Number of protein chains: 2
Amino acid sequence: MPAKSKRSVCPLACALDLFGDRWTMLVLRDLFVGKSQFGEFMKSPEHIASNTLADRLERLVAARLVETFRSEERPGADGYRLTAKGSSTRPILEAIMNWGLANIRGTEARLQPK
Amino acid sequence: MPAKSKRSVCPLACALDLFGDRWTMLVLRDLFVGKSQFGEFMKSPEHIASNTLADRLERLVAARLVETFRSEERPGADGYRLTAKGSSTRPILEAIMNWGLANIRGTEARLQPK
DNA sequence: CTGTATCCAGCCGGATACTG
DNA sequence: CAGTATCCGGCTGGATACAG
């Protein structure tokens, strides 16, 4: 989690404070791909640590980008899904992914709408 | 500077490894605004440390997003400017800024074309 | 399996001083 | 002013164990 900008009014700096760190972005990516369970995020190739994942989900929920829901097939466990506010970050992730695809050798597309 | 993704092929993860950390993004923002001198970056409201700034500029140059040039009015000092590759990140910064403007109270637009 | 809790090494970066 | 160098406190996050 990035350090908070000291009273910056820059929308870039403030947005980055909210979800601009690497792990948060990758969790958002997984949410866009349709993942919702703790274990699904854990399976991603970047291998996030369980405490880090819990931390990022908590922050995203606190920022209202993500909300939890009761999964009927998995009682006792939370499901995580994007809110409308969270979904509105999609153009950002798409812009970064498109740049990566165009500029970094060996990268492969993901983030199919689900 | 973020830790490198261990052989990830995700264009998002790889792009974030390149310029996805807070300070790097803010330096890019300043470049888009037209700043080119070390001292100009230092004056930004987020107050980057001089060693951190030097590090980020070096990384950006190494990644070919930025190049140095000889400033005729400031001999003995490097000027920094975006390369074409660096300029191509503009849609990313714009997407984040637009999100911040729309979703975070108290933020104000910048990144006027210069 | 879904998280929570600790431990702790390593890195990030702020402060500061210093050189050309 | 541009940039480098060093110190070092604090946070990040990997590893691991554990609970429900």
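Above this note sits the structure.
Read on for a plain summary of the structure. Predicted model only: the values in this text are computed from it and were never measured.

**Focus: the state of the cysteines**
All names here are of chain B.
Part 1: Following the criterion strictly, the structure yields zero disulfides over all chains and no others.
Part 2: The cysteine Cys10 is free of any disulfide, with Cys14 supplying the nearest cysteine sulfur at 6.8 Å.
Part 3: A relative accessible area of 0% places Cys10 in the buried class.
Part 4: Here Cys14 falls in the buried class, since its relative accessible area comes to 14%.

**Describing the relation of the copies chain A and chain B**
Part 1: Relative to chain B, chain A is turned by 180° and slid 0.0 Å along the rotation axis, the superposed coordinates differing by an RMSD of 0.0 Å. Overall, the copies show the geometry of a two-fold rotation axis.
Part 2: Most of the interface of chain A is mirrored in chain B: 100% of its interface residues are interface residues there too.

**Thoughts on the environment of Arg110(B)**
Part 1: On the secondary structure map, Arg110(B) appears in the segment after helix H6 (90-103).
Part 2: Residue Arg110(B) is classed as partly exposed on the basis of its relative accessible area of 29%.
Part 3: For the pair formed by Arg110(B) and Arg29(B), sequence separation is 81 residues and the distance between their alpha carbons is 8.8 Å.
Part 4: Leave out the neighbours within four places in its chain, and Arg110(B) touches Val9(A), Cys10(A), Arg29(B), Pro45(B) and Met97(B).

**Description of the packing of aromatic side chains**
Part 1: Within this structure, the stated rule accounts for four aromatic pairs over all chains.
Part 2: On the basis of an interplanar angle of 85° and a centroid distance of 5.0 Å, the ring pair of Phe19(A) and Trp99(B) is categorised as edge-to-face. Residue Phe19(A) is found in helix H1 (residues 11-19), and its partner Trp99(B) is found in helix H6; the two belong to separate chains. For the pair shown, Phe19(A) and Trp99(B) are each scored as buried.
Part 3: The ring centre of Trp23(A) lies 5.2 Å from the NZ or CZ of Arg22(A), which sits over that ring.

**A few points about the pattern of salt bridges**
Pairs can form between side chains of opposite charge once their charged atoms are near each other.
Part 1: One pass over the full model with this rule turns up 20 salt bridges over all chains.
Part 2: Residues Asp21(A) and Arg56(A) are paired through a salt bridge, measuring 3.0 Å at the closest nitrogen-oxygen approach. With Asp21(A) in the loop between H1 and helix H2 (22-33) and Arg56(A) in helix H4 (residues 50-62), this residue pair connects regions lying 35 residues apart in the sequence.
Part 3: Taking relative accessible area as the criterion, Asp21(A) reaches 12% and is therefore assigned buried.
Part 4: Residue Arg56(A) is classed as buried on the basis of its relative accessible area of 7%.
Part 5: Here Glu46(B) and Arg29(B) are joined by a salt bridge, their closest N and O atoms 2.8 Å apart. Placement of the pair is Glu46(B) in the loop between helix H3 (38-42) and helix H4 (50-62) and Arg29(B) in helix H2 (residues 22-33), with a sequence separation of 17 residues. Here Glu46(B) matches Arg29(B) in class, with each residue buried.
Part 6: Through salt bridges with shared partners, one network takes in Asp21(A), Asp55(A), Arg56(A) and Arg59(A).

Criteria and thresholds
- Residues numbered from 1 in each chain as written.
- Chains lettered and ligands numbered in written order.
- Predicted model: local features only at pLDDT ≥ 70, side-chain atom pairs only at ≥ 80, totals over all residues.
- Heavy atoms only, no water.
- Disulfide = S-S within 2.5 Å.
- Buried < 20%, exposed > 50% of the residue type's maximum accessible area, 1.4 Å probe, protein only.
- Least-squares fit on C-alpha atoms with pLDDT ≥ 70 in both.
- Contact = heavy atoms within 4.5 Å.
- Helix = DSSP H or I, 4+ residues; strand = E, 2+ residues; numbered from the N terminus.
- Phe/Tyr/Trp six-rings, centres within 6.5 Å; stacked < 30°, edge-to-face > 60°.
- Lys NZ or Arg CZ within 6 Å of the ring centre and 35° of its normal.
- Salt bridge = Lys/Arg side-chain N within 4 Å of Asp/Glu carboxyl O.

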